[in-house]
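Close look at the chain arrangement
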Amino acid sequence: ETSINNVTCKAGASSFYTCPHGNDKAVVSFIAQKNTSYTIFVTGNGDREQDSFALEAICTESQVVEEISCGMSINGSTYNLPPSSLQLPYCYFSAEIGFWGSMTYSLIGQGEQVTLSTCNKETNFDTSIRVFTKYDWTWDNSMQCVAGNAGICLCSHGDKKGVVTFFAEKDQEYEVVVSTFNAYSSKKQGDFRLDVTCPSEEKIESTELFCGDSINESTVGLLPSSTWLPYCSQVSSNVGISGAVHYTITGNDEEVILSTCSEETDFYSSIRVYDMSQQYCVESSSYFSSCSHGTNQGVVSFFAQKNKKYDIYVSGSSYCSNAINQGNFNLNVFCPKSIAKMSKQGVDCAQQVVNTTEGLMPSTMLLSSCYADNHVGFTGALAYSIVGKGNEIILSTCNSRSEISSSIRVFSDNYNKGYCVAGSSYFSSCSTETNSGVVSFLAESDKEYTVLVSGGSSSYENGKRGIIALDVICPEKNLTMKSLDCGSSHTDSTIGLEPSSLLYPYCHMDSSVGFLGSFSYSLIGDGKEVIVSTCNSKDDFFNPSIRVYYKNWGRLECVTGSTSYYGCRNGQKSVVSFIAKYGVEYEVIISSGDYSKRGQGNFQLDVFCPKTFDVEQVFDGEEIIGSTVNSAPSSLQLPYCGGADSSSGFSGSSSYKYIGEGQEVFLSTCSSYTNFDTAIRVFNRDTQIPSCVSTSTTSLCSQGRTVASFYGEEGSEYEIIISGKYGIQGNYKLSVFSAER
């Protein structure tokens, strides 16, 4: 904009205003004030800095085609239209889309919701809908954005046709602008049909529902229903854009389950339940409550208070982004009995009951959370009752007669929601790696418990139906445990054992390993280290675990448990080490391990009590011939020492005492006599807990022989330990020499 004394930048082209043919030619828009002079510069802006061009000046005028109102359908076209104004405010879209032409309509508000849509077969290009108005309160009486459909609501068939919903204030005038969707649309001009609807829930007829009803309905061809209802749990009220069928139900102080899970439902559907007297969402369907066949058809469950009226809306499951959001559905109404009123079959210890969930009606889904999602009850639940005797009870569907994955939930206090006592989860799955259930709980004497067995072990496996066999097991405490002593060895087997207690505290692994049977042993401590091992077991297909407990004020506490940290040199057999306090009784339990290939098997249990620091003394300049072959394990309680884990001592070690002489000392196994990879560890024994002083390195000699060095304080005692790397054994020659030598 040029005047006598001033030059002001008015507009400039950028890639933001890309031409329809996709290159970097330029488009600018500005308001040209009357009788004002403007100078326009056109320059190269790419690889070719000089070339010919054609400059076109287009003066746009806002022109309303016609007035629209509720119930109308208007056909229009943007084919061959000149650019419309690019000066409109941002309204979910940049104003640049007007470059390809727009159709503008006026609408006078009537104080109601208005839905505008180009989602129909007559619309043949990607469209945007923008709604503007001029409010009296704006200082410059400029256009204000009211609504737009950019990326928020696309049509059901996946293209970018437009749907917008807004509240049109009474007597307020609105401008509705229909244009292309964006500069990247493959087709930027075309024909469209604009549908104007004003949904009102008061105008939608409703059908009264009753328990046991099964109704076939359709949303095909329905006009949009209200999207101004309250947000409902997992479902936005915008699902109403694709239409809704309205129902009501009157409560009777009971649970109501509503479901569209049926082969007759041919689209993704949602169910919303409202208490309209309070304008309050009660419940809605979500992906947590999907049907058994993996679709997103709807299931909801809620407690309907006596004589209270509830409004129910069935719509497409989510608006505008699914493959189909209108279709036919079958709505079923169930009113299951509460847990207190259920018919239950009595069961007892050492019993197996076999039943099927085929043909069962949905059971209550309003129970307290109990490990397995309550929605497993949708496909029915087998209900059992068991009376406690002050004992542990294990319930299991891990057997050959159960045909489907299952969940087990145990409740006490038989009121409506029950109190969860135990529930099956992936922590308690069967040895066969299925998701059948195993639960364990302590049953109080004379107390009744309700057991619900359903198909599906999680919300992702809802709807499994079939035969489920329930085993009731009451494990007996092993009162005649074998005794363990230093140097003892026992060969035993878990094959054929019944499940042992699953109520032991976690001990480096879950106590559910006891489900496949356990052997228990007793050990009385003498204040020294004890190593317990199954590493000499011959059964290559059984990898046992070890857990060690002691009683602290009558309560079992974990001392240690086997992990891969202390793995044997021959695989995933088990090793544990602990200091057994003097006079304390310990319970050592052998069960199936975490990495078991087979749930039960044979094992050999060995007990070692490594020697204390009472060993041969070595001196400067001495050479010692030694061997770790067939040697007993040394202490596994020594601290970590610079790259050499104390578990290496399990394969046997040789220990020597050295008295410091106030000089640096070198230790070496660099000799042709040494025939295995060795590790040297040096500990200071002046303190109650040995401290690592040095560990060996292979950088000074070859073939796995090692060298270590340390400064021996005058008069200090040191322990030198020779062991094999990676659990191997062999012969060695140890040289001890000072720095002077």
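It should be emphasised that the depicted structure is a prediction, and the values quoted were computed from it without experimental measurement.

Focus on the overall build of the chain
Secondary structure summary: the chain contains 0 helices and 45 strands in total. In the chain, which comprises 741 residues, the proportion classed as buried is 51%. Nonlocal contacts in the chain, meaning residues at least 24 apart in sequence, comprise 79% of its contacts between residues at least 6 apart. Carbon and sulfur atoms provide 48% of the accessible area of the chain, an area that totals close to 35900 Å².

Topic: the side chain of Ser694
With respect to the helices and strands, the residue Ser694 is situated in strand E42 (residues 691-695). We classify Ser694 as buried; its relative accessible area is 9%. A distance of 2.8 Å separates the side chain of Ser694 from the backbone oxygen of Ser709, its partner in a polar contact.

Thoughts on the state of the cysteines
Taken as a whole, this structure holds 8 disulfides when the rule is applied. A sulfur-sulfur distance of 2.0 Å marks the disulfide that ties Cys91 to Cys145. On the S-S bond that ties Cys91 to Cys145, the torsion sits near 70°, and the link is right-handed. Taken together, the residues span a long stretch of sequence, with Cys91 in the loop between strand E2 (73-77) and strand E3 (103-108) and Cys145 in strand E6 (residues 143-148) at a distance of 54 residues. Overall, Cys145 belongs to the partly exposed group, its relative accessible area being 29%.

Topic: the environment of Val28
Inspection of the secondary structure assignment puts Val28 in the segment before strand E1 (64-68). Counting along the chain gives 68 residues from Val28 to Glu96, while the straight-line C-alpha distance between them is 9.4 Å. If near-sequence neighbours (up to four positions away) are discounted, Val28 is found in contact with Ala11, Gly12 and Ala13.

Things to note about the packing of aromatic side chains
Across all of its chains, the model carries 15 aromatic pairs by this definition. Their ring planes at 55° and their centres at 5.4 Å tell us that Phe166 and Tyr174 sit as a pair that is tilted. Of the residues examined, Phe166 reaches a relative accessible area of 3% and is grouped as buried. Consider the rings of Phe519 and Tyr521, whose centres lie 5.9 Å apart with planes at 25°: the pair is stacked. Taken together through their ring pairs, the aromatic side chains of Phe519, Tyr521 and Phe603 make up a single cluster. Note that Lys188 overlies the ring of Trp100, its terminal NZ or CZ placed 5.8 Å from the centroid. Seen from the ring of Tyr504, Arg547 lies directly overhead, with NZ or CZ sitting 5.9 Å from the centre.

Focus: unusual backbone geometry
The phi dihedral of Asn307 falls on the positive side, at around 65°, and the residue is not glycine. Relative to the assigned elements, Asn307 resides in the loop between strand E16 (299-304) and strand E17 (309-316).

Regarding the environment of Gly359
Relative to the helices and strands, Gly359 is located in the loop between strand E20 (351-356) and strand E21 (381-387). With a relative accessible area of 67%, Gly359 lands in the exposed category. Along the sequence, Gly359 and Gly466 sit 107 residues apart, while their C-alpha atoms lie 9.3 Å from each other.

Here's the deal with the pairing of E21
With 6 of 7 residues buried, E21 lies mostly within the body of the structure. In this sheet, E21 lies alongside strand E19 (residues 345-346) in parallel orientation, the contact comprising 2 bridges. Paired with Gln345 across the two strands is Tyr384, which belongs to E21.

Section: the sheet that holds strand E9 (residues 191-197)
Ordered in space as E2-E9-E4-E7, the 4 strands form an open sheet in which the pairing is antiparallel. Unpaired on one side and paired on the other, E2 and strand E7 (163-168) mark the two borders of the sheet. Taking each pair of neighbouring strands and ignoring which way they run, the sheet shows an average axis angle of 20°. With 6 bridges connecting them, strand E4 (residues 112-117) and E7 associate as antiparallel partners. The residue of E7 that forms the bridge with Ser117 is Val163.

What about the sheet that holds strand E18 (residues 328-334)?
The 4 strands lie next to each other as E11-E18-E13-E16, forming an open sheet whose pairing is antiparallel. In the strand order of this sheet, the two ends are held by strand E11 (214-218) and E16, each with one partner. Neighbouring strand axes in the sheet, compared pairwise and without regard to direction, differ in orientation by 20° on average. Across 6 bridges, the pairing between strand E13 (residues 254-259) and E16 is antiparallel. Note on E16: the bridge partner recorded for Val256 is Phe302.

Some points on the nonpolar core
One finds Ile68, Tyr105, Leu116 and Leu194 to be the most contacted residues of the largest nonpolar core, which totals 22 residues. In contact with Ile68, other than residues within four places in its own chain, are Ile74, Tyr105, Ser106, Leu107, Leu116, Val176, Leu194 and Val196.

Quick notes on the pairing of E17
Counting buried positions along E17 gives 7 out of 8 residues, so the element sits mostly inside the fold. As paired elements, strand E12 (residues 244-250) and E17 share 7 bridges and run antiparallel to each other. Following the sheet pairing, Ala244 is matched in E17 by Ser315. Pairing analysis gives 6 bridges linking strand E14 (residues 269-275) to E17, with the strands arranged antiparallel. From the neighbouring strand, Val273 faces E17, where its bridge partner is Ile312.

Regarding a nonpolar patch on the surface
Together, Ile40, Val42, Phe53 and Leu55 line one region of the surface with nonpolar side chains, adding up to about 430 Å² of accessible area. Tracing the backbone shows Val42 in the segment before E1. Residue class for Val42 comes out partly exposed when judged on its relative accessible area of 40%.

Observations regarding the pattern of salt bridges
Under the counting rule described, the total for this entry stands at 9 salt bridges. A salt bridge links Asp348 to Lys389; its shortest N-O distance comes to 3.4 Å. Pair noted here: Asp348 is in the loop between E19 and E20 and Lys389 is in the loop between E21 and strand E22 (391-396), with a separation of 41 residues, a long-range link. Judged by its relative accessible area of 32%, Asp348 falls in the partly exposed class. Relative accessible area serves as the criterion here: at 53%, Lys389 is assigned to the exposed category. Salt bridges sharing partners connect three or more residues here, namely Glu122, Arg193 and Asp195.

Observations concerning the environment of Gly148
Within the secondary structure, Gly148 is located in strand E6. As a C-alpha pair, Gly148 and Ser128 span 20 residues in sequence and 7.3 Å in three-dimensional space. Residues contacting Gly148, with those up to four places away along its chain left out, are Cys91, Tyr92, Ile129 and Val164.

Quick word on the confidence of the model for the chain
Averaged over all residues, the pLDDT of the chain equals 83, while 84% of them reach at least 70. With pLDDT under 50 throughout, residues 319-324 is counted as low confidence; its partners more than four residues away or in other chains account for 20 contacts.

The rules behind each value
For every chain, the first residue of the written sequence is number 1, and numbering continues from 1 onward in sequence order. Under the rules for a predicted model, residues below a pLDDT of 70 receive no local features and side-chain atom pairs below 80 are neither given nor counted, while totals for whole chains, interfaces and linings still include all residues. In computing side-chain properties, one takes all heavy atoms of the structure into account and sets aside hydrogens as well as water. By the criteria applied, helices consist of DSSP H or I runs no shorter than four residues and strands consist of E runs no shorter than two, each listed in order from the N terminus. Relative accessibility thresholds used throughout: buried, under 20% of the residue-type maximum; exposed, over 50%; partly exposed, between the two (1.4 Å probe, protein chains only). Should any heavy atoms of two residues lie within 4.5 Å, those residues are counted as being in contact. Surface accessibility in these figures is a Shrake-Rupley result with a 1.4 Å probe; residues are shielded only by whichever protein chains are displayed. Two N or O atoms count as a polar contact when they lie within 3.5 Å, although within protein this holds only if one can serve as hydrogen donor and the other as acceptor, and sequence-adjacent residues are included solely when both atoms are side-chain atoms. Only a pair of cysteine sulfur atoms within 2.5 Å counts as a disulfide in this structure description. Here is the rule: rings of Phe, Tyr and Trp (six-membered ring for Trp) pair when centre to centre is within 6.5 Å. Planes less than 30 degrees apart are stacked, more than 60 are edge-to-face, and the remainder are tilted. Over a ring means this: the NZ of a Lys or the CZ of an Arg is within 6 Å of the ring centre and within 35 degrees of the ring normal. We treat two strands as partners when DSSP finds at least two bridges between them. Here an axis means a line fitted to C-alpha atoms, over the contact stretch when the element is a helix, while the angle between two N-to-C directions is reported on a 0 to 180 degree scale. Nonpolar cores were defined as sets of buried Ala, Val, Leu, Ile, Met, Phe, Trp, Tyr and Cys residues, with membership established by side-chain atoms within 4.5 Å. Put simply, a patch holds well-exposed residues, over 30% relative accessible area, that have no salt bridge, with like charges counted together within 9 Å and Val, Leu, Ile, Met, Phe, Trp or Tyr side chains within 5 Å. We count a salt bridge whenever a side-chain nitrogen from Lys or Arg sits within 4 Å of a carboxyl oxygen from Asp or Glu. Within a predicted model, pLDDT stands for the predictor's per-residue confidence, ranging from 0 to 100.

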